[in-house]
Structures are given as structure tokens and as C-alpha cells.
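# A structural walkthrough
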There are 4 protein chains.
Amino acid sequence: MFNSVHEECGVFGIFSNEISSVANSVYLALYALQHRGQESCGIAVNRDGVFSQYKGDGLVGEVFTKEKLSAMESGNMAVGHVRYSTTGGKNINNIQPLVIRHIKGNLALAHNGNLTNSAEIRKGFELAGGIFHGTSDTEAIAYSIVANRLKTESTLEAVEKTMSAIKGAYSCVLMTATKMIAFRDPNGFRPLCFGKTDDGSYCVASESCALDAVGAHFIRDVRPGEIVTFSEDGVDSVMTHFPGVGEGNICVFEYIYFARPDSVIDGVSVHSARIRAGEFLAKEHPVDADVVIGIPDSGIDAALGYSQASGIPYGIGFIKNKYIGRSFIQPQQLMRENAVKLKLNVIKDTVKGKRVIMIDDSIVRGTTSSRIVGLLRDAGATQVHVRVSSPAFKHPCYFGTDIDSSENLIACRYDTVEDIARVIGADSLGYLSVEATKKIAAEADVGFCTGCFTGEYPVEAPADTSKNKFDQCMGRF
Amino acid sequence: MFNSVHEECGVFGIFSNEISSVANSVYLALYALQHRGQESCGIAVNRDGVFSQYKGDGLVGEVFTKEKLSAMESGNMAVGHVRYSTTGGKNINNIQPLVIRHIKGNLALAHNGNLTNSAEIRKGFELAGGIFHGTSDTEAIAYSIVANRLKTESTLEAVEKTMSAIKGAYSCVLMTATKMIAFRDPNGFRPLCFGKTDDGSYCVASESCALDAVGAHFIRDVRPGEIVTFSEDGVDSVMTHFPGVGEGNICVFEYIYFARPDSVIDGVSVHSARIRAGEFLAKEHPVDADVVIGIPDSGIDAALGYSQASGIPYGIGFIKNKYIGRSFIQPQQLMRENAVKLKLNVIKDTVKGKRVIMIDDSIVRGTTSSRIVGLLRDAGATQVHVRVSSPAFKHPCYFGTDIDSSENLIACRYDTVEDIARVIGADSLGYLSVEATKKIAAEADVGFCTGCFTGEYPVEAPADTSKNKFDQCMGRF
Amino acid sequence: MFNSVHEECGVFGIFSNEISSVANSVYLALYALQHRGQESCGIAVNRDGVFSQYKGDGLVGEVFTKEKLSAMESGNMAVGHVRYSTTGGKNINNIQPLVIRHIKGNLALAHNGNLTNSAEIRKGFELAGGIFHGTSDTEAIAYSIVANRLKTESTLEAVEKTMSAIKGAYSCVLMTATKMIAFRDPNGFRPLCFGKTDDGSYCVASESCALDAVGAHFIRDVRPGEIVTFSEDGVDSVMTHFPGVGEGNICVFEYIYFARPDSVIDGVSVHSARIRAGEFLAKEHPVDADVVIGIPDSGIDAALGYSQASGIPYGIGFIKNKYIGRSFIQPQQLMRENAVKLKLNVIKDTVKGKRVIMIDDSIVRGTTSSRIVGLLRDAGATQVHVRVSSPAFKHPCYFGTDIDSSENLIACRYDTVEDIARVIGADSLGYLSVEATKKIAAEADVGFCTGCFTGEYPVEAPADTSKNKFDQCMGRF
Amino acid sequence: MFNSVHEECGVFGIFSNEISSVANSVYLALYALQHRGQESCGIAVNRDGVFSQYKGDGLVGEVFTKEKLSAMESGNMAVGHVRYSTTGGKNINNIQPLVIRHIKGNLALAHNGNLTNSAEIRKGFELAGGIFHGTSDTEAIAYSIVANRLKTESTLEAVEKTMSAIKGAYSCVLMTATKMIAFRDPNGFRPLCFGKTDDGSYCVASESCALDAVGAHFIRDVRPGEIVTFSEDGVDSVMTHFPGVGEGNICVFEYIYFARPDSVIDGVSVHSARIRAGEFLAKEHPVDADVVIGIPDSGIDAALGYSQASGIPYGIGFIKNKYIGRSFIQPQQLMRENAVKLKLNVIKDTVKGKRVIMIDDSIVRGTTSSRIVGLLRDAGATQVHVRVSSPAFKHPCYFGTDIDSSENLIACRYDTVEDIARVIGADSLGYLSVEATKKIAAEADVGFCTGCFTGEYPVEAPADTSKNKFDQCMGRF
């Protein structure tokens, strides 16, 4: 799958006991979280209550040039954010962290997720004269915290009250003059964890790979519904919104596609979850073949799992061109097909004269799958059996994943799996079952959300369905 | 005077009867207003109520690259802004136009000036749970308009009410879904005017030179306290805050330094005002000499006026290097003196063996003046008589001019004009009198503000003097 | 005149007694010479015989970013170059200084001018197996020097021999491992001078304004045909190609347009030469009027001269927008006319209701002149009398000035001055006479070239006239 | 191994039968060859004999922006080049393709490799008055071709004669007005192959992956010593320098490290060669362990081979951060260790509590290996056995590979393999034998060069050993 399903964000925060180059740590962490958002990024630094910030459109390495990074203030706290925005990033006010001034001081907020009652929350504040600079629901969260702060004794209480009002997905890092507060929605849709460096700084991150990047030791995940406060007094946890052990609904797609394989989320290694997905695929959709290959990057682990479970040798079938990035210029119409080949070339030796099982993490429109199957046949594969390490997308996501509209989703356009196999030119096709996705991380300490596969959501979908891109789904499988 | 006194902003708005490339017009106008602010700029476009925007740090030509400009939407209205920011432009939320969403829709605001009760206004909203993204007083104006809009029937009424609450300097262009509203504070500290293009579009601009740049014909200035609404119904004026004909207090420094000589402000040509300043200088501080020269750019006109009034020949004494811009790298300490020479070189033929009258628009710290006088002597001038086409800065400005702190101002550090002459190495020195500044535009239809020279302000200075950079002034002249 | 006649280059060299930041000095000097070429630039540094260089397309401030400039090596010598290239700068091998390796070591060459026998020279070397990286005649000069170096005892002798072979215009700075050699063609078409800094470094420059920029004191011009060597042994002059005092043919257009007014060339101040051109114009083409104005930048001085000679008051008629540069995006067709207004706006007060004499330095195609006359009439001028401070272009230049083809030159397309006046909409028109141009610098210690006005060249025109853009000239005046 | 051994270049050429967007094809091909050189790149286009070019420092995507690429001329031929330069790329004249003019017309040359008698060749031309713009040996090849062209009837003959004179490594694409000529040194040190697109264009490339990228079908390798001419008359081969079937000495390191695994070189798939290297390693250095992992990117294939041959399970041990590129800013000293972790993070699940075999393609200084072994232990590996899929570097390369100096090479600093194992903290260490490297591609149709491992070179090393960085080698294994 290429660039067709998008995560919304990655967050990071650091709380240090002394004034230091906290912006540099955030910079490293954002590099480690870059896969969660490539449209824009930002860092806000807190030096004894004085906030400064820099943000911009582009990758971390583009926004934070040597000049800009070295111009960042030292501080004792900092938060950072990488963002993927569906609307083209035209509104610079949506770039996070959101830094605001309110009656009690400064506040910076970095948010990963999507509220389902953002419109209502916004409307409430607008009716009271509130103004919004951006279109993100992050601003609605900030408004709520500020409003609740006026009615309570502490920011912590304000966050607690806010969590009673907002619905949907949110894994947030909040920075006040003196504290860093991490909080995660009671469903725990998006990951969030924290750790500690050798010199005693606490770090909060969307994924544990960012803790590794700054040399912090993983302590634990922020639990669904939990509020963790980092301050001079150490770490403090408030569990009033905690749904209970084993409860919660983390997005299955974090394991299948979004997260980095070296991250551990809610007790489960992403890499291992993918290996297991491959193993389940082998059981659910066995086929006689000569080699199992995966489509980089996220199909690789599942292919290894399929191979191990099936006994069919694992092979390296593709080379991904690592230089193709934002600056690559798509050549004119006639060269499109080559462009796929430029991005992903087949290693002929692996597939020539062989029956190939090709593992992909998902199929969205089917166009790319079709081309890749073609590449394999051109390279001499005698059979191509496609196995997908996730169930078919047939429903929208309201919790932070940007899925294509139903008219484009191949699983919504065809009745049967056989139809889809035919369309993409595969000899056979098999999707992972929803049941299997729930088992892939049996040892996980939370439950799962599989709404995009089943249409059953743990939280009520937004009332306003006028913008619902999912008109209907033809898929009967 | 080089880069030492700063204007805060320039604004522009266009109201067209049809969807067209309004962003292009704003682009041209901002080029014409670039002298009013070089730190950042932005354009917001309104296409039948849908707002889009682009802003960034840098000059118009840097922010609006070919790619960015051509990506701007077409629309029927647009506003633009160029900004000079004292705090380094680190906060991207301060870049204007400010575009916000509120309960009644979208709103874009471009503001030139400075409120004196911004802190109180902000505090009021913050106490009610309001949040501020930036540090500019523009956001306070926007909040006020939105709050008043909730209590009134129209944006026009909201603006009217807002003008009763906010104090200080503001020349604004406000864009709503269907209207463009220009309003200017009752003192009229900063200029604002409007015109019409041949194809019927109305334009509002800080200076008439921007109307010229887009091919609009000047209609008239927005009067102090006036609210002018541009809509499908044409142009409408509300004068409830108008202080009366001849009233108002436009900043004298607009004529002396900020504005472009080809602009006409409140009925007076800037070029002519400068010529007259030179004429008054000749009367107030005559001296026998061989040639009168001006320091580019704004000392040129006054030098011509001095020459005409005194009969002493006008000469071209300096060449300013037009390539020195933001990308010029200041060489190390030892080369500083040459850097002045690189920016401003003497034409030796003009001054060699002559008694020279050198006209500058102002003296701030005196360092540059001292170097320039030195350049003239090195070039062979036998005498150098400095004449300044404005009175001496001895007091802070609260209305949008960024003046250095008193400890740096040469007029605050020395008792007498003679002392200053000695410090800068001049044979004699003369400042324009405050009386003369009031006469330089006798035919102007408004009054003047000379607070930075006299300490007498038309509007109460802000209560919070903790940040007042003016500890004391030694100047007794 | 706007951007229609182009100089080819500016050169600079510095010879220091110690290892220092010579690249910084060249950087400053190139800023001062930027008006002589804006397409590309480069600096080559010599540190005890080891050469390093950096060059690129663009202005000095664009090519030499902070990072690039600070990465330049220290050295005891350096040469720099700014270039205007007619062919679009596509060939990076044409960017100067040209740095080459040959059997005797390294060599860097910066050249301003144009050879008339470049093709022959190149062909000779090519027949012997020589290869050329670029298309410039500079490479031919380098080849000649290297070839002659093999046959002689010193680089100086090689330069001397080379000067016997090459024809046309060349003002060069050559850097070898141990010496800096400045040489100028026997006609002295292009300027070249040298000076000394307080710390004993020698500098060679196209114009004296660059000496000022680095704090060097002007010593004297390099004479036509002279070779000046700077080495550990001091300064040495070889005059074997010197044509004699008062001989030589400096390009008149250096005084009229190319050079900066603060420069002194061959004993004559450029500013004074322009003043005198204005005075001659007043005598040759008197007219009754109310005000004399000049078109910035180079028409200003002549306007002042016209005013002084005629007694008609001098006025400031135009403001040039100093922010319009390479990044300015020309708006679409319909806005073209405004674009002229954006670049050059009329100060209405100066011309309204008046009979105006407008001085321009030259008229090329006439299109811009026509628009400017229109702007003046729109601003209320009752009469517009155009006076041009140079004769009419009617012939090509073979010595380094890029003149438009004859089919575009207005002076080649019409028979009489009256016709041209009619075309550009002027009430009257007068060109400076060729005789006057020869007198404008009567005290100059060299003669002049007026080939582009008269067709009479001091050096034979190139044999190959196939590329001659001058088919015919209709002008009979 | 991270960025410590460097290839010098990649070349590409296209010969089309019609004027088309050949530059676009080269652009795609250079993206596919980017791994062979990231310092600079360039494209030269030939349109019926008229040459144009663009080159610059940086990656293909940085140099060829949308604007620059679309400004490239259409043509019927084009050549391109990606370059890695050891001297920092300061000399823009070294950027290839080299485009020159000579007596017979234009010529563009792209070269991969390194001559051993470049100094002699250059000296010969310099003695005859030749000048060199760059420091590359490519210019020496161009000079030779031009000189020989004068003495022969065709460029083909000139190339043939040149090949008799130059020694060392060269895989070149030469473009004349009407022909494209590919030639490869008789040892065939560097790869070169050609293919044909569906529309009949011929393409020459350093690696077959670039043919895939432009949709060309692989035809065959250019043989060692072969000259292949592409012209209107089709493809023509001259074999006068061909050493014979099975002869030649391709660089082993092309298979081990430089080339892309999806390329096929001299009849052998790079991927398969690496698999076989892993298999040989398993036989030569067996060890009892739980998992085999490879260091990305080039250790992956060998790890798979080791696993297959040993029966020990293959695992994915590391994730490489794909966003770390040229713009990444190395943090200060204290953060260095984290920087390795940021670039390459361990998947803990794969190694925790396990005996790990870690396959790397080579060890240069040992510093990185030491850190990576540390990462594995930190992640819980109980044993770490390092296996290297190449022999130890103990000698310099004169044929285009940039190897560190002997004082830095770990294999030169220690006597035994055990010492090195201790230094990098491994439980055991095994290098691939030289014999095995010769067998890894037994079916290859050419021989190998293993000079950097054995010190025995197929071509005499350069006489000038003054710059020889290899003082001595301590390694006795």
C-alpha cells in the first residue's frame, strides 16, 4: 500500500530538571516519529514559563534547518508534533503544537487523534464569543481546558473535566508554565507512552521508538483514560477516566501499518504483531507456493510470519528506492508505469519461474496492487497469490485515520474477494479476518477498534453525516 | 537614519464584483507597501464566503514565490498585510491578516497601529475563557468585534461598538463573508485611504501609492473615526466616531520618514511635506555653505527644499547600494566601518573642498550619523553642517512606532544640541522645531501627533509602564 | 531605460601580505560591483598556491549565503567576478573567475569585456587539440596565457605576448600562485583601477566604488595597454602596450549608464560626467518648461545638470520601488501597465499642471519611454519634453555591451527624431550629440569609443557578421 | 557499515530516434542510480548536435527541481551522472557530465571509475599547453579522445586509441553530435550495461536497475574492453580491447555493497551474490545461535543466505530511519550515541534473550560495529556473533573505491580477528574468505578484483605513492 491511508500525527514532550537543549531532544524524537506525519511539524520550548516556538510546512529536516534549530531557546520543557493534514496544510494555524496565552498563563498542546464532537464543542465556545484560528479539533480541546481551568483549582482538574466533555480519539501532551501533562482518551485509540533518560528527564511519546531515539528508557504506556502529570514533584497519575484493565480500543491499524515495528504499544511489539498477522494469514488462506515475499515496508514482517507458519521459504522480492521523496517529480502520463517501477523494483532472481505469495498490509484502491502484480508476472512469476495482513476497508474511520471515500475503495466497489482478485490480476486473494486482528495481540492489555472493517464503533459516530464520504459499500465479504 | 525607527505595518484590501485573481492585486499592492514592514506578510482570499490564506516570514517576493502565488485561490475579495515585528517574528501566529472562525462565520483582519489598552482588552476576554494564539493587539480587536457581533445585528455595529472600547492607533481592513470594512481610529494616527479601479473594484490601502500600483484611482482618505463599508450595495460610511473636520492626530513621522513620497496622506503629498520640512529647516537653521545634500532615501526631498529656500545649490552627495538586503552578511568587527561605506558611499566630486549641509530625516543613536559625517570629511568636505528634518526623539511612542529605549537615544543622553553636534562630529546641528512640523502640512485636513518629540499624547499612555523603555531624558532642548 | 542595455561584467582582486579573510573583502567588493552583472558570480581564493573557489547563478547575496561564505578558505589572494550573460547562464562553465590548472600551476582569471577575434583564437587552440568547457572568450585568453607561458620565462611575459594576439576589450585580473596581475586592453574599453588598504593589501577593481567598499584608497587607473603586477616585491608596471597619454577609447556608456556615479574612471567622476551631459543637453536642446526631472537611477544626475545649466527648477518626479527584484512575478497580460507603475511611480505634486522636461539616459525600444510619458500626462503634466543624455543607438557594440537587435531599436526603425517623439508621445525630443559625449569628460586622460552611436570603431569589427543583429538602420539623424 | 566506503559514480545515457523528453528519462535513471553518488549530479542533452546542460551539488531531487527539470531542452540524446566526490565537491568543474567544445564539435562525457595514470596523462597535455578546469581524471580522458580525434577519422577510433593510453578503471558514456559511445576498461572494474525501450531508444547504465526505471529491457553488459556505439545505423561493437571470455576483474565490492540488489551485473544477480555470500559465511564460520539478523540495507540478503544455509531462523533485527538524510543535523557530542540509535533501532522482540548472529557487509573503523553490538546487548541479546560478508579491508583501492586510510582501518590496526572481536565487543567474529568472494559469483562471465583484501592488483598501482594513505597494515589474518 502506497500513501493511501494516513495517520494524523505524532506527539512528543520532554520535562527536564534543568535548563538544557530540550529542543534538540524533541528534534531527534520527531525524526523518529516522522512516519506518523510528513506535512508539517513544530516545537515549543518552555524556559521557566517563557514560551517560544517554531513551526512550518514540511519534514522535520526541512523545517528545522541548522540555522533554525540552533536559534531555538534552551529550556526545561518542550513539546513537539509531526502532522499529516488532509486539507493540504494551507492553514498554518493548524500546525502544532498549539501555543496559546490564557488568563492563567501560557499553554502548549500537541494532539494525535480526532474528536467526534468537535463541532459541538466549537459551537459552544463560538456562541460565547470564542474565535478559532484554525480548523483543527485541537483548538477545541485547548478552549475546553482553558474554560475548565477558570472553574477549577488546577490544570489537572481542568483536563479531567475536559475529558468528560470531549469525545473521540486524543493522545495529548500539554505543557503549562510548570508542568507537562499527558492524557489519553478512555478508548485509547492512539498510542502514548513515557520513559525517563539517564539524566532524569521524563519523555512522553506517541511511540516507544521516539524514547529510544533520545536515549530514554521506556517506563510504560499511558493507559486509556489516564492523565499523567510530570512536575518538580515527579510523576503523578490520575485514573478517573480509566475504563478498566483490558478495556479500551486501540486502533488495529496502528499495529498493521502506522506504527514503526521497533515500537511497543500497549504491551505488544508492533513487529511481533505483524509476524503474528502473517501467521494467521497462513492459517486462514493457505496456498501451495515456492516463495513468500512482502511489500516494503510494512508487508515485510507479515511475510516473514507467513513463511514461518507455512514453511514456504521467505524471499526478498522488492527493492524500494529510498531517495524518492517529496521532491521527486512525477513524470508525464506515459511514464507513470515506470514511476511505480522506480519506486519499487522486483528482484527477478527471487520470483522468476516461481509461484509467489505476495503479502501487502492493505489494499485501498487496488491500482497499485494491480501494477505490482503485473511487475511480478513481468519478472517471471508463474503464479501470484496476494495475501493482505488486514481485513478489507469497508467503513469510514472517525478517530484519526484518513481513509479514502467509498467510491474509491476497491472493497466497497466489488461484491466478492474473487472479483477483487480478478481486478488486480492475482491468482488468489485472501484478507486477514477481523477475528484474527483481535487475536494478533492477544497479550495486549487493551481492547481493539476495528470500526473501519466492521462499521461497529466503540464511540458514537458524529451526528453530521453530510460530509460522510461513505455512501455505500458493495462488499459482501 | 538607517533601520532604527520602525513602522509596524501596511494593510490592503480589495472588493471586486466578480471572482478574479484578487490575490495578484494584493501581491502588487504589498510590493508597493513593502517599506512599511519587511518581517512577514500574508494574503487572505474570500471566494463567496470561503476563506483561504497564505503567510510567512520574509519579504513579499520571498514569501510569495511563483508557486505559492499561483496556488492562491481566485476570489471576490482579499486582504493583505506587511509587518514589521519588534520581537523577531518568532511567533508565526502574529503574522497577518488574522483569519478566524467565529459563530457567524469567517473573518479576516489586517491592522496597522498599536492599541494602548490592549492588555485590559485581552484580560477581559481571558477572564471569560478566551485564548490568544499570538501576542499582537490585532487579536484583541478581533475578539472584540466577535463579542460585539453576538450582541448586535451586524458586523458594522460590532465594529462601531468595538471602536468605543479599544484605544490607541488602528487603521484596519476587515473582511467578512460578504463585506469589506475599513475603519480608522478617531485620532487617525495611521493613514488609510481608498480608491476604485477601472473595472469597478474598490481598494483600501495604507498609502495611496498602493492604489497606484494596482491601477486604482484615489477617491479619498478614510477619515479619523470613520467606518467605510464596501459591499454589493456599494460604499457606505458611518461617521459616529468622527472627531470633526481638522481634528485627529496623524503621526508626523509618517510624513517625515515612513510613507513613500509618492503617497498623498490626509490631503497632503508626502513629497511636498518633506520639501516644506526642508524649507522650514532653512529658515530655522540657516548657515553659509556651498552645497546641500540629503541622506537617501527620505533626506533627499528635505535637502531639495532646504536648497530651494536657501538658494544654496542642491547636490547628490551619496549613492545607496540597492543590493544590500536581508541576505547581506555583516562582516566581522574590523570591517564594520566599511559596511557603512558599502551601503552609502560619498560622491566625492559633490563635497570635496566644500562646506556641506547634510540633511537627515532623524538622528537616533548618533552612531550612523557620526560615521556619515566622517565619510564626508574623508571625502574632503571642509565643513559639515547637519540639519535634521524632524525634532529630536525624546519620548516613547505608544501608537505603532518602534523607537529605541531612552538610554540609546542620543537626544536623551545629552543636554544640548551642541553636545550632540560634537558627538557626531558636525560643525553645527539643527533640528526642525515642533512648531514647524505642525505647519509642514498646514493644508492637511487633520491635526498631528508629536508625542515622541514633546511627550504630550492625544490619548492617555498605557497604565503599565513597567516595560517603559524611557527611564528619563536628559535632553533640555 | 530599464534593463535593456547590458554591461557584461565586474572584476575584483585582492593581494594581501598575510593569510586573512580575503574572500570577505571580495564579497563586499562584489556587492559594490553588483550593478555590472546580476546573473552569476564567483570568488576564487589562493592560499599559498592552493586554490579554492565557489561560484553560482544569482546575485552575490543569493550565491554567497552565510554558510557558503563562512566555508570559504582564508588566503593571501583572491579574485571575484559578477557576470551578466546574454545566453541565460545555462552553462555553469562560463561563470567566472575561471580557475584552471596548467603545467606551471594554478591560475584564476576574471575578465570584463569582449574579444573581437575570440573565434580565431579558439580555433587555433582547438586545431592543436585544445578543449573548451565554456563558450566565453575568457577561456581563450586563459589558453593564450598558458600557451605563451610555455614559451616564456614568466607569466608577465606570457600576458604581454597574449596581449599582442588578442583583440577587443578586456580588463582582467589574473591570479597565479604568487602574483596578481591586472591588465587592460590598449583601447581601455572597460575601466580598471587599483588601490591600497590601510593594512597594505592591494586591490584591483572595475570601478573605484569597490575600492571604497573594502576601505582601499584609490591609487590610479590601470592605463590602456598597461600590465600591473602585484607581488611580494610590490607593484610593478609594464607599459609596452600603452598607446600613449590621451589615447585609448573608453566606452562612453560607462559614464552615461553602466558605472556607479560615485566611481571615478580614467580621471573623471562618473557623477560629474552625467552632470555635464545634462548641461550639454540644456545647451543643445533648450525648451521652455517648469520643471526638470530625471528617470532613476542614471537619469537623475543629468537632470540636475540640465536644471543647473537652464535655470529651470530641478524636481523629483519618480519613486522607484526598491523591492522589485528577481523574485518579482510579472503579473498577467492585463496588469502589465500597472507593473510599470509599480516599478516607477510618479510624484504627482512635482508634475501636475506643469511643463515637464524628463531626462532619460537612453531610449532603446521606446516602449518603456512611451509608458513613462503616459504616466506623466496621467499625473497632470501639461507638456512632456524628453531629453536623452546619450546619442541614439544605431550600431552594434563588439566590446562588451549587449545592445538589442536593430529591428528593435527605435532609432533604427524611424527616420527622424520627430517620428520617435511622436511614437513615444513626447512634445519634443532631443538626444545628446556625439560631439558632446566626447566633451563630457574633456579632462579625461583617455579617448572615447562612440561606435554604437556612429558605427566607427577603434578596432576592426569581427569578420563573422553572420550573427550581426544589425541588418540596417533607418535613422537619418 | 555506515557511509564509510564510497563508490565514485553512476552513469546513464539514452539514444532516441526522435526528439523527445530524454532529460526526463535520465532524471528517472539517476534516481535509480542515486546510491552510487550523492554529492552532485548533472544531465547534458543533445538536440541535433546542440548541447545544453544543467548540473549542481546535491541529490537528484535537490538539483533538478520542477523548475529546472522542466526547463531542460528536448533532444534525441542525453547523458547523466551522479557523483560522490572525496574532496567535498567544492570544485563545480568536477561535476559531470563533462561537456566540452573541440575542433570537431561538442562532446559530453560521463565516467565511473578511476585512472591509475591520470597524472601522466594530464602532464602530457599540460606540457603541450593544455589547461584543466577540474581535478578529475575524466577531463584527462576527454583530452585524450580529442587529441586522438585529430589524428583519426572518427570518434570511435579516437576512443580506441585512448583506451590504449589510459590505465585503470573506467566505465564511460560519451555523447557526440550524432552518436552515443559506451566503453569499459579491459579489466571491467566497474559495471556497465545497455538495453532498449519499447519505443526503440537505447539506454546505457551503470546498473540494470536504471534500465528498469526507464522501462528499458536489459540486452547485455558492455564487456570488459568493449566499445559499443549507438547511432542512426543501430548498435555496433568493437572488441579490440576485449581481454577474452571469463577474463576481466570486476570489483567484488560492487556485489557486496555498492550495487543495488535488483541489479544484474556481468551475468550475476547482486541479490543472489549476497545470498551466496551469506551461505559461504555459514559454512566458513558456523556458530550455534537462535537467530540471524542483517544490518540494513546490504547485510539483509547475506543474513537470509546465512539462515538458509545454517537452518538458524532469519529475523528482522533493526529498523533503519528512512528520513535521516543530508539535512539531518548531528546533535552535540553527548547525543552521538543516540544518533546511532536514531538511525538504526533494534527490534527488541527479535533479539531479547537470544544468541544472535549479526551479519554486516564490512567493518571499516569498527566504531559503528561496536555501537551496534552494544545496542543488541542492551536489547537483551545473550550472545552476539558478528559475521562479515566480505574479507577484511587491508589495502588501498586505486580503481574508484574510496577506502579510509590504514591508520583508521580496524583490520590494519590489529593482528588477529580475535582482537577485533574483542574491540567491537562481539562474542565471535568471522570474515568471508577471499576464496569465497571469488566463488560467490561462480557463474559470472568475468573475473574479479580483490585488491583491497589481498593487495594484489590486476593493474599496476600508481607510481606516485606519496599520497598513499596506507602506511602499513598490522593485520595478519
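Everything below is about the structure shown above.
Residues numbered from 1 in each chain as written. Chains lettered and ligands numbered in written order. Predicted model: local features only at pLDDT ≥ 70, side-chain atom pairs only at ≥ 80, totals over all residues. Heavy atoms only, no water.

### Side note on the environment of C:Ala421
All names here are of chain C. With respect to the secondary-structure elements, Ala-421 resides in helix 15 (residues 417-424). On a C-alpha basis, the gap between Ala-421 and Ile-329 in space is 31 Å, while along the polypeptide they are 92 residues apart. Excluding anything up to four places from it in sequence, Ala-421 contacts Ala-426, Ser-428 and Leu-429. (Helix = DSSP H or I, 4+ residues; strand = E, 2+ residues; numbered from the N terminus. Contact = heavy atoms within 4.5 Å.)

### Describing the packing of aromatic side chains
Residue and element names in this part refer to chain A. In total, this model carries 82 aromatic pairs over all chains according to the counting rule given. Within the aromatic cluster, the residues linked to one another by ring pairs are Phe-253, Tyr-257, Phe-258, Phe-393 and Phe-453. The aromatic ring of Phe-280 is capped on one face by Lys-283, whose charged end is 5.4 Å from the ring centroid. (Phe/Tyr/Trp six-rings, centres within 6.5 Å; stacked < 30°, edge-to-face > 60°. Lys NZ or Arg CZ within 6 Å of the ring centre and 35° of its normal.)

### Some details on helix 5 (residues 137-151) of chain C
With 15 residues, helix 5 of chain C ought to run about 21 Å at 1.5 Å a step, and its terminal C-alpha atoms sit 22 Å apart, in line with that. Burial runs high along helix 5 of chain C: 13 of the 15 residues are buried. (Expected span 1.5 Å × (residues − 1). Buried < 20%, exposed > 50% of the residue type's maximum accessible area, 1.4 Å probe, protein only.)

### Examining the pattern of salt bridges
Overall, the coordinates contain 52 salt bridges over all chains when judged by the stated rule. For the salt bridge of D:Lys322 with A:Asp297, the shortest nitrogen-to-oxygen distance reads 2.9 Å. Here D:Lys322, found in the loop between strand 18 (318-320) and helix 11 (336-343), pairs with A:Asp297, found in the loop between strand 17 (291-294) and helix 10 (299-310), and the two come from separate chains. Classification of A:Asp297 by relative accessible area gives partly exposed; the value is 40%. Measuring nitrogen to oxygen at the nearest pair gives 2.9 Å for the salt bridge that ties C:Arg355 to C:Asp290. Taken together, the residues span a long stretch of sequence, with C:Arg355 in strand 20 (residues 355-360) and C:Asp290 in the loop between helix 9 (270-284) and strand 17 (291-294) at a distance of 65 residues. According to the relative accessible area criterion, C:Arg355 is partly exposed, its value standing at 24%. Using a relative accessible area of 29% as the deciding quantity, one classes C:Asp290 as partly exposed. One network of salt bridges, with partners in common, ties together A:Arg36, A:Arg190, A:Glu207 and A:Glu254. (Salt bridge = Lys/Arg side-chain N within 4 Å of Asp/Glu carboxyl O.)

### Some words on the relation of the copies chain B and chain A
When chain B is fitted onto chain A, the two copies agree to an RMSD of 0.1 Å after a turn of 180° and an axial shift of 0.1 Å. In the structure described here, the two chain copies are related by an operation that fits a two-fold rotation axis. When you check the interface residues of chain B against chain A, 100% turn up at the interface there too, and the contact is symmetric in its surfaces. (Least-squares fit on C-alpha atoms with pLDDT ≥ 70 in both.)

### Quick look at the interface of chain A and chain D
By convention, interface size is frequently given as the accessible area that disappears when the constituent parts associate. The interface is formed by 56 residues belonging to chain A together with 56 residues belonging to chain D. Between chain A and chain D lies a buried interface of about 4,400 Å² when both sides are counted; carbon and sulfur atoms form 60% of it. Considering only the surface of chain A that becomes buried against chain D, A:Tyr31, A:Tyr323 and A:Ile329 emerge as the three largest contributors, covering 16% of it. The tally of links between chain A and chain D comes to 4 salt bridges. At the boundary of chain A and chain D, one finds 17 residue pairs in polar contact (both at pLDDT 80 or more). With 6 residues, the top contributor of residues to the side of chain A that touches chain D is helix 1 (residues 22-33) of chain A. Looking at the side of chain A that touches chain D residue by residue, the classes come out as 25 nonpolar, 20 polar and 11 charged. (Buried area = accessible area lost by both parts, 1.4 Å probe. Polar contact = N/O pair within 3.5 Å; in protein donor to acceptor, adjacent residues only side chain to side chain. Nonpolar A, V, L, I, M, F, W, Y, C, P; charged D, E, K, R; others polar.)

### Focus: the sheet that holds strand 1 (residues 9-20) of chain A
All names here are of chain A. Read from one edge to the other, the open sheet built from 7 strands follows the order 3-2-4-1-10-9-11, with strand pairing classed as antiparallel. Strand pairing shows two members of the sheet lacking a second neighbour, strand 3 (50-57) and strand 11 (216-221), which therefore form its edges. Averaged over all adjacent pairs, the angle separating strand axes in this sheet is 15°, with direction ignored. Judged from the 8 bridges that link them, strand 1 and strand 4 (residues 75-83) form a sheet pairing that is antiparallel. Bridge pairing in strand 4 places Ile-14 opposite Ala-78. (Pairing = 2+ DSSP bridges. Axes fitted to C-alpha atoms, helices over the stretch in contact; angles between N-to-C directions.)

### Notes on the state of the cysteines
Residues and elements named next belong to chain A. Taken as a whole and judged by the stated rule, the model has 0 disulfides over all chains. Cysteine Cys-452 remains unbridged, with the sulfur of Cys-397 as its closest cysteine sulfur at 6.2 Å. Of the residues examined, Cys-452 reaches a relative accessible area of 11% and is grouped as buried. (Disulfide = S-S within 2.5 Å.)

### Things to note about the sheet that holds strand 1 (residues 9-20) of chain B
Residue and element names in this part refer to chain B. Strand order in the open sheet formed by 7 strands is 3-2-4-1-10-9-11, with antiparallel pairing between adjacent strands. Since the sheet does not close on itself, it has two edges, and those belong to strand 3 (50-57) and strand 11 (216-221), each with one partner. Going across the sheet, the axis of each strand differs from the next one's by a mean of 15°, ignoring polarity. Looking at chain direction, strand 2 (residues 40-47) and strand 4 (residues 75-83) are connected through 7 bridges and run antiparallel. Of the residues in strand 4, the one forming a bridge with Ala-44 is Val-79.

### Here we look at the relation of the copies chain A and chain D
Under the fitted operation, chain A is carried onto chain D by 0.0 Å of movement along the axis and a turn of 180°, and the coordinates agree to an RMSD of 0.1 Å. Interface residue correspondence from chain A to chain D reaches 100%, placing this contact among same-surface, isologous pairings.

### Structural notes on helix 4 (residues 118-127) of chain A
When we look at burial in helix 4 of chain A, the residues that qualify are A:Ser118, A:Ile121, A:Arg122, A:Phe125 and A:Glu126. Relative to the axis of helix 4 of chain A, the buried residues are bounded by an arc of 135° and lie together on one face. Set apart from the buried face of helix 4 of chain A by more than 90 degrees, the exposed residues are A:Ala119 and A:Leu127. On the buried face of helix 4 of chain A, the contacting elements are strand 6 (105-115), helix 5 (137-151) and helix 6 (155-165) of chain A together with strand 5 (98-102) and helix 5 (138-151) of chain B. After helix 4 of chain A finishes, the residue A:Gly129 shows a positive phi value of roughly 100°. (Arc of directions from axis to C-beta.)

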